[in-house]
Amino acid sequence: MSQQLASFSSLWFDSLSWQPTEIQQSLFEKLYEKVLAANAGLNLTRITEPEEFWEKHLWDSLSAIRHFIDTYPQRLKANFKVIDVGTGGGFPGVPVAIVQPDWLVYLLDSTQKKITFVERLTVELELTNTRTIVGRAEAIAQNKPHREAYDLVLIRAVANANVCAEYVLPLLKLGGTAILYRGQWTPEETRSLEGALEQLGGKIGEIKPLTTPLTGGIRHCIYLTKFARTPPNFPRAVGIPNQQPL
Ligand code: SAH
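Cut-offs and rules
- Residues numbered from 1 in each chain as written.
- Predicted model: local features only at pLDDT ≥ 70, side-chain atom pairs only at ≥ 80, totals over all residues.
- Heavy atoms only, no water.
- Near = heavy atom within 4 Å.
- Polar contact = N/O pair within 3.5 Å; in protein donor to acceptor, adjacent residues only side chain to side chain.
- Areas by Shrake-Rupley, 256 points an atom, 1.4 Å probe, with all protein chains shown as cover.
- Phe/Tyr/Trp six-rings, centres within 6.5 Å; stacked < 30°, edge-to-face > 60°.
- Buried < 20%, exposed > 50% of the residue type's maximum accessible area, 1.4 Å probe, protein only.
- Helix = DSSP H or I, 4+ residues; strand = E, 2+ residues; numbered from the N terminus.
- Axes fitted to C-alpha atoms, helices over the stretch in contact; angles between N-to-C directions.
- Left-handed = near helix turned anticlockwise from the far one by under 90°.
- Contact = heavy atoms within 4.5 Å.
- Nonpolar A, V, L, I, M, F, W, Y, C, P; charged D, E, K, R; others polar.
- Pairing = 2+ DSSP bridges.

Okay, the site of the ligand next. The immediate surroundings of the ligand are formed by 16 residues, with Gly86, Phe91, Asp109, Ala137 and Arg156 found nearest. Here a nitrogen atom of the ligand and a backbone polar atom of phenylalanine 91 are 2.7 Å apart. Between a nitrogen atom of the ligand and a side-chain N or O atom of tyrosine 167, the distance comes to 3.4 Å. For the ligand, the accessible surface in isolation is 580 Å², of which the surrounding protein chains cover 82%.

Encoded structure:
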């Protein structure tokens, strides 16, 4: 198999004090191949070069998880359940499932063709710790087996932060963590998000700025925690969170 991502192995260590195992590294290569091959027909990502794939998909997906594990080890437990809301071509959920084989990672997207791709991908990568779901976050979060069922909820590039908060808090267990993957971040967004979270039983635990290691891009990961049950009227009906953000 080709080794297009091998040259980044020391960068993992330098930036995150962590390195994928050989098995994980070969799964990353396979993932890159499959995403590239499917991309033409499916429009999964505009990213095609190995450098960009490594930085914007792999590093970006996993840096937030390394920080979570290093900073909040007490939140990890057996049967750890994760959901990636709006996973698209499988990010950040698939890289997370690759590096944390003991976590059960649900991959949710409202688009059937994306989930068809992600399902096939997880079979080809022989991942046994993933489950795929087609549906809207608003509907899934009102569905008993999913409501307040997850220890960790991930959401990247799906909607504005207040809309993301309405999607993720209802899925989160009390005491659980949600990570909003954002680019630039402003104090106004913090204030606005705090207003939304108050209604959802959540609060901002940490705002972690990050610089991507190859191109110096700005990222912010917003770590939310859940301290109270989310009132049953959230999330509102399909489409409403986006049309009338909290
Ligand atoms: N998280 C991926 C994809 C981002 S594109 C990445 O960062 O690369 C946004 C994805 O969210 C699309 O695939 C879209 O179908 C999905 N999506 C948007 N709104 C959604 C909702 N309410 N519920 C579930 N999926 C949603």
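Following the structure, the description resumes.
This structure, assessed with the given rule, holds 11 aromatic pairs. Considering the side-chain rings of tryptophan 12 and tryptophan 18, the 5.2 Å spacing of their centres and the 90° angle between planes classify their relative orientation as edge-to-face. The buried category is assigned to tryptophan 12, whose relative accessible area is 1%. Between tryptophan 12 and phenylalanine 28, the aromatic rings sit 6.0 Å apart at their centres with planes inclined by 40°, giving tilted as the arrangement. Linking tryptophan 12 in helix H1 (residues 9–16) with phenylalanine 28 in helix H2 (residues 22–42), this pair joins segments that are 16 residues apart in sequence. Pair check on accessibility: tryptophan 12 and phenylalanine 28 agree, each one buried.

Between H1 and helix H3 (residues 50–71), the least distance of the axes is 12 Å, while the angle of their chain directions is 35°. Taken as a pair, H1 and H3 cross one another with a handedness that is right-handed. Contacts between H1 and H3 pair Leu11, Trp12, Ser15 and Leu16 from the former with Trp54, Leu58, Trp59, Leu62, Ser63 and Arg66 from the latter. Of the residues contributing to the contact of H1 with H3, the split by class is 7 nonpolar, 2 polar and 1 charged.

Across the sheet, which stays open at both edges, the 7 strands sit in the order E3-E2-E1-E4-E5-E7-E6 with mixed pairing between neighbours. Edge positions in the sheet fall to strand E3 (130–134) and strand E6 (202–211), since each of these pairs with one other strand and no more. Taking each pair of neighbouring strands and ignoring which way they run, the sheet shows an average axis angle of 20°. Relative to strand E4 (residues 150–156), strand E1 (residues 81–85) runs parallel, the two being bridged by 4 bridges. From the neighbouring strand, valine 82 faces E4, where its bridge partner is leucine 152. Contacting strand E2 (104–109) and E3, helix H5 (residues 112–124) crosses the sheet at an angle of about 165° to E3.

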